[in-house]
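# An overview of the molecular structure
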Amino acid sequence: MKFTVSSAELLKKLQLVSGAIGNNPVLPILEDFLFTISGPKLTITASDLDISINTSLEISADQDGEVAIPARILLDTLKGLPEQPVTFQVDPDNYSVEITSIFGKYKLAGENGADFPDTPTPDGVDEIRISGMELHHMISHTIFATGNDEMRLAMMGVYFLIEPDTLTFVATDAHKLVRYKLSHSGQDSSASMILTKKSLNLLKGTINDTDDVVINYNKSNAFFSTPEIQMSARLIDARYPDYNAVIPTNNPNTLTVSRKDFLNSVKRISLYANKTTNQILLTISNGSLTISSQDIDFSNEATEQLTCSFEGEPMTIGFNAKYLMEMLNVIQSDEVKIELSSPHRAGILLPAEPAEGEDILMLVMPVMLGN
Amino acid sequence: MRDNTKCFKFGSCFLADPDNRQLMSLLYNRAILHLDLDAFFVAVECLKNDSLRGKPLIVGGTSDRGVVAACSYEARRFGVHSAMPMKMALRLCPDALVLRGDMDSYSRYSHLVTEIIADQAPVFEKASIDEFYLDLTGMDRYFGCMQWSGELRERIMKESGLPISFGLSVNKLVSKVGTGEVKPNGTIAVPSGTEKGFLAPLSTNKIPGIGKETYKKLSFMGVRTVKVLSEIPMGLLQREFGKHGQELWRKANAIDDAAVVPYEEQKSMSSERTFQQDTLEVGKVRDLLRGMTERLAFDLRKANKLTSCVTVKIRYADFNTYTMQRRIAYTATDGPLQETALDLFDRLYQRRQLLRLIGIKFSGLVQGHYQIDLFNDTLEEIHLMQAMDRIRNRFGHQAVMRASGLG
């Protein structure tokens, strides 16, 4: 089997799918790209058993076939070559691959493509079509809030709820929570699933704002396809916590403040907070918001004051500055509204002017201040 | 002991090579002051109650298993010393007055002394509740170390009312031994060059780090004074005592390059309990552990700290001791800490044997408040915990606790 392909084009395609390859794969063959040739089409697949991505390109080949080629060395070889046609010659008996560039020959040991694990294919009838930009937004607004605790498996992913008029993404690590609702019609059934963080991160890196993404799903997998790639991602099989129950509804105290000013203030103040816990204090009263922190170990201390509009009882509440910064960073409106009820209950961050069709709610749990 | 190949920092010059000539000269010209409060617990008790002065006094546990924490010099005359079982101490000195001791007031006085030292000293290390090391290197040029130290001692005695002794020499080891020699209420300076001669006539058990076992072994070998020990080739000591042998030789030759490490934040909190009688009642032990954890968690919150590592320790009746630890997410709330402690205990308690002691330790401490969990914590629990903390802050530890921890 022999084929010729442009080195730069191949490299671009390989980089689209290489993210799926894990660090320590269970099967050695998962360190490889699977090259499948049928007619003038070369399909490249990468997988870590949970996620598989494939992409294809036009090539000229002498016959159909498949082979698995070690990913790391192939990528590095192509990165080191200037744009040029390269020829791959595969020995059908022992799957050794010989690459020929204008500079010389490189030989590496491939593996039998038939040993590469099968990738699941979409079988559900339900299909959602969403614009790349909208999906990109949904992912970037929520993914930072997912947890890392393997004891709480469900929270390691993003909850995806499909309802007739809305699509909802929810992410939480039990200290912060984001609920992103998007008005979207076209889907007629309801469903819910938990998508892994890795699959969404990969998806975020490969979709363009202009292309549409088609989402398919069944009980165990979700499938995403764009003109460039097809991806299948195993779902997290766990029960997502009842997030609606923990969102406080009665929040009589409302603070409105400029997002940029607040974010910059929190950034500066957090420099003076303990590096491990990052805790800062917000003292809120009519018309003024005082942000302060201290690190006793280094005798560091900082205080800043911001003007704000506030309705309700004055209060002091402590937060992890990192959580606030993550949230303020992704919100896009000029002003944010913070709804509070008491120093031990969740604070809710909302964009003061939500964008059309979007409903974003960010929740952050405070720290338990002493008496 | 500190690894002697470590880097030391002296002013602006930073040297990693211990054989470096410049560093060695700096080491030998060091001036290290060791301050030690005399019979600290007893002195505090006398301060509170003047009538106790001049009487044989013992501070320590009063139960069958109690040990002597401190004793007055009058009691020492009878052969009583600290860490001795109380029963034995009372046999030696039946007329001694035994006090339970009040840790709160001891740490208050210790803090008072620390403040005076912090006010005066350039670099100091609080080695224990009643011991301090000061690095006075380079001060000679301006004040005269001995005069300065004497003035500091006077000030401490005047302001706190506690007797204090000090030793001034070229390193921590010689200073500490010097203080031990002049106690109580004395001062000594061992100038550079005379430190070896100073240690030479002393018994080997005066050297810190030579405990009962090493002393016994050395005595069997016929080594009774530091002089003899210092003359033994290092190789021979290494053969007999392993790694420790090298240290012994260095100590006997008055070599100690440990630096004075400024006061550091508390790294862990712990609590231990020895049972009145060795026990097999696992249920009761678990309840006790639950109570100890709850109390320690309160201390944690009071200090505005969070822990990330829980260690449980058990000791069987035959003194075999086992510990097990687990890392957890930063917390200071009773629930997860108790759960972890009990789980560790259940894993540790494997032999169906009498238990003598249990202990709990929180380490990996960091300053901060507990981050409330969206799903696991309820507002009621948080309010309950805060209300209990308020009561304890006002009326003390024992004022309120969960019935499950009563044992």
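Residues numbered from 1 in each chain as written. Chains lettered and ligands numbered in written order. Predicted model: local features only at pLDDT ≥ 70, side-chain atom pairs only at ≥ 80, totals over all residues. Heavy atoms only, no water.

## Here we look at the overall build of chain B
Just so we agree on the cut-off: Runs of E in the DSSP output that reach at least two residues are strands. Runs of H or I that reach at least four are helices, and both are numbered from the N terminus. Under the scheme applied here, a residue whose accessible area is under 20% of the maximum for its type counts as buried, over 50% as exposed, and between as partly exposed, the area being computed with a 1.4 Å probe on protein chains only. Any pair of residues with heavy atoms lying within 4.5 Å of one another is described as a contacting pair. Only the protein chains shown count as cover for residues, and the accessible areas themselves come from Shrake-Rupley with a 1.4 Å probe. Note on charges: Lys and Arg go in the positive column, Asp and Glu in the negative column, and His and the chain ends are not counted at all. We put the charge of a Lys on NZ, of an Arg on CZ, of an Asp on CG and of a Glu on CD.
Scanning chain B for helices and strands turns up 15 helices and 16 strands. Counting only C-alpha atoms and orienting by the principal axes, one finds that chain B spans roughly 65 × 55 × 50 Å. Residue burial in chain B is summarised as follows: out of 407 residues, 45% are buried. Long-range pairs, those at least 24 residues apart, make up 63% of the contacts in chain B with a sequence separation of at least 6. When the accessible surface of chain B is split by element, carbon and sulfur atoms take 51% of a total near 20,900 Å². Counting 56 positive and 48 negative side-chain charges, chain B places the averaged centre of each group 4 Å from the other.

## Some details on the overall build of chain A
For chain A, the helix and strand inventory stands at seven helices and 28 strands. The 371 residues of chain A split such that 53% are buried. Taking all contacts inside chain A whose residues are at least 6 apart in sequence as the whole, residues at least 24 apart take part in 65%. Counting only carbon and sulfur atoms, one obtains 48% of the accessible surface of chain A, whose full area is about 16,700 Å². Of the side-chain charges in chain A, 27 are positive and 48 negative, and the distance between the mean point of each set is 4 Å.

## With respect to the state of the cysteines
Where two cysteines share a covalent bond between their sulfur atoms, that bond is called a disulfide. Heads up, the condition is: Disulfides are defined as pairs of cysteine sulfur atoms found within 2.5 Å of each other.
Under the defined criterion, the tally for this structure stands at zero disulfides over all chains. Cys71 of chain B supplies the cysteine sulfur nearest to Cys93 of chain B, a cysteine that is in no disulfide, at a spacing of 9.1 Å.

## A few points about the interface of chain B and chain A
The condition that has to hold: Put simply, buried area is the surface a 1.4 Å probe can reach on two separate parts but cannot reach once they are joined, added for both. Salt-bridge detection follows one rule: a side-chain nitrogen of Lys or Arg within 4 Å of a carboxyl oxygen of Asp or Glu. Contacts described as polar in this section are N or O atom pairs within 3.5 Å, which, within protein, must combine one atom able to donate a hydrogen with one able to accept it, while residues neighboring in sequence count only if both atoms come from side chains. Here the term charged refers only to Asp, Glu, Lys and Arg, the term nonpolar to Ala, Val, Leu, Ile, Met, Phe, Trp, Tyr, Cys and Pro, and the term polar to all other amino acids, Gly among them. Here the rule is simple: two strands pair whenever DSSP picks up at least two bridges between them.
Every contact between the two is made by 23 residues of chain B and, on the other side, 30 residues of chain A. At the boundary of chain B with chain A, total buried surface from both sides reaches about 2,300 Å², with 59% on carbon and sulfur atoms. A salt bridge links Asp373 of chain B to Arg152 of chain A, with the nearest nitrogen and oxygen atoms 3.0 Å apart. Applying the counting criterion to the chain B and chain A interface returns 13 residue pairs in polar contact (both at pLDDT 80 or more). Contributing elements (two or more residues each) for the side of chain B that touches chain A: strand S15 (366-367), strand S16 (370-371) and helix H15 (379-395) of chain B. In terms of residue count, the dominant contributor to the side of chain B that touches chain A is H15 of chain B (eight residues). When its residues are assigned to classes, the side of chain B that touches chain A shows 10 nonpolar, eight polar and five charged. Two elements, strand S28 (residues 367-368) of chain A and S16 of chain B, share two bridges in a ladder whose sense is antiparallel. Each bridged residue has a counterpart across the sheet, and for Met368 of chain A the counterpart in S16 of chain B is Tyr370 of chain B.

## Digging into empty space enclosed by the protein
All names here are of chain A. The following threshold applies: Throughout, the protein atoms alone are placed on a 1 Å grid, and a set of points is a cavity if a 1.4 Å probe fits but cannot get out or a pocket if it is open with protein on both sides within 12 Å along at least five of seven lines; lining residues have an atom within 4 Å of a point. Grid points are joined across faces, edges and corners, and a volume is the space filled by probe spheres set on the points.
Tallied over the full model, the rule gives one cavity of 30 Å³ or more. Here the largest cavity defines a volume of roughly 30 Å³. Lining the largest cavity are Phe262, Leu282, Phe319, Leu324, Ile338, Gly347, Leu349 and Val364. The residue inventory of the lining of the largest cavity, partitioned by class, reads seven nonpolar, one polar and no charged.

## Considering helix H9 (residues 212-220) of chain B
All names here are of chain B. Put simply, the test is: This arc corresponds to the set of directions leading from the helix axis out to the C-beta atoms.
Every buried residue belonging to H9 is among Thr214, Leu218 and Ser219, and all of these are buried. All buried residues of H9 fall inside an arc of 135 degrees around its axis, so they share one side. For H9, exposure combined with an orientation more than 90 degrees from the buried face picks out Lys212, Glu213 and Phe220. Buried-residue contacts for H9 involve helix H10 (226-231), helix H11 (234-241) and helix H12 (243-252). At the exit of H9 stands Gly222, carrying a positive phi of roughly 85 degrees.

## Observations regarding the nonpolar core
One recurring pattern in soluble globular proteins: nonpolar side chains tend to sit buried together. Put simply, the test is: Each nonpolar core is a collection of buried residues, namely Ala, Val, Leu, Ile, Met, Phe, Trp, Tyr and Cys, held together in the definition by side-chain atoms within 4.5 Å.
Core analysis: the largest hydrophobic core is formed by 100 residues, its most contacted members being Phe33, Phe35, Phe88, Phe169, Phe262 and Leu289 of chain A. The greatest single-element share of this core, amounting to seven residues, is contributed by helix H7 (residues 321-330) of chain A. Counting residues in hydrophobic clusters, the runner-up holds 50 residues, among them Ile348 of chain A together with Ala297, Leu355 and Tyr370 of chain B.

## Observations concerning the packing of helix H3 (residues 132-142) of chain A against helix H4 (residues 197-206) of chain A
Residue and element names in this part refer to chain A. Filter applied, for reference: Between N-to-C directions, angles span 0 to 180 degrees; the directions come from axes that are lines fitted to C-alpha atoms, helices contributing only their stretch in contact. Angle categories: roughly parallel below 35 degrees, roughly antiparallel above 145, roughly perpendicular from 65 to 115, and oblique for all the rest. Working rule for handedness: look at the near helix, and if it is turned counterclockwise from the far one by less than a right angle, call the crossing left-handed; if clockwise, right-handed.
Two numbers describe how H3 lies on H4: the axes approach to 10 Å, and their chain directions differ by 135 degrees. Judged by the inter-axis angle, H3 sits oblique to H4. Between H3 and H4 lies a crossing of left-handed hand. Where H3 approaches H4, its residues Leu135, His136, Ile139 and Ser140 are matched on the opposing element by Leu200, Leu203 and Lys204.

## Here we look at the layout of surface pockets
In this model, the second largest pocket occupies a volume close to 1,300 Å³. Together, 39 residues line the second largest pocket, and Asp149 and His175 of chain A together with Ala329, Tyr330 and Asp373 of chain B are the ones closest to its centre. For the lining of the second largest pocket, the elements supplying multiple residues, two or more each, are H7 of chain A together with strand S13 (321-331), helix H14 (334-348) and S16 of chain B. In terms of residue count, the dominant contributor to the lining of the second largest pocket is S13 of chain B (six residues). For the lining of the second largest pocket, the residue count by class is 12 nonpolar, 15 polar and 12 charged.

## Some remarks on the side chain of Asp257 of chain B
All names here are of chain B. One can find Asp257 in the loop between H12 and strand S11 (268-279). Among the residues examined, Asp257 registers a relative accessible area of 13% and is labelled buried. One polar contact links Asp257 to Arg250, side chain to side chain, over a distance of 3.4 Å.

## Quick notes on the confidence of the model for chain B
Residue and element names in this part refer to chain B. How we decide: You can read pLDDT as the predictor saying how much it trusts each residue, on a scale of 0 to 100.
Residues at a pLDDT of 70 or more form 92% of chain B, whose mean pLDDT is 83. A low-confidence stretch, residues 1-27 (pLDDT under 50), is modelled with 34 contacts involving residues beyond four sequence positions or located in other chains. Interface confidence in the predicted complex, given as ipTM, is 0.82; pTM for the same model is 0.71.

## Details of the pattern of salt bridges
Under the defined criterion, the tally for this structure stands at 37 salt bridges over all chains. Of the charged contacts in the structure, one is a salt bridge between Lys198 of chain A and Asp48 of chain A, with a shortest N-O distance of 2.8 Å. Of this pair, Lys198 of chain A sits in helix H4 while Asp48 of chain A sits in the loop between strand S3 (41-47) and strand S4 (51-58), and the two are 150 residues apart along the sequence. A network of salt bridges, in which partner residues are shared, links Glu294, Arg301, Asp334, Asp389, Arg392 and Arg402 of chain B.

## Some details on unusual backbone geometry
Look at the link from Lys183 of chain B to Pro184 of chain B: it is a cis peptide, with omega at -5 degrees. Looking at the secondary structure, you find Pro184 of chain B in the loop between helix H7 (172-182) and strand S10 (187-189). Positive phi values are uncommon outside glycine, yet Leu49 of chain A reaches one of about 75 degrees. Inspection of the secondary structure assignment puts Leu49 of chain A in the loop between S3 and S4.

## Focus on helix H2 (residues 71-79) of chain A
All names here are of chain A. Among all positions in H2, only Ala71, Leu74, Leu75 and Leu78 are buried. Down the axis, H2 shows its buried residues gathered within 100 degrees of arc, on one side only. In the core, the buried residues of H2 are packed alongside helix H1 (7-17), strand S2 (32-38), strand S6 (65-70), strand S7 (85-90) and strand S8 (96-100).

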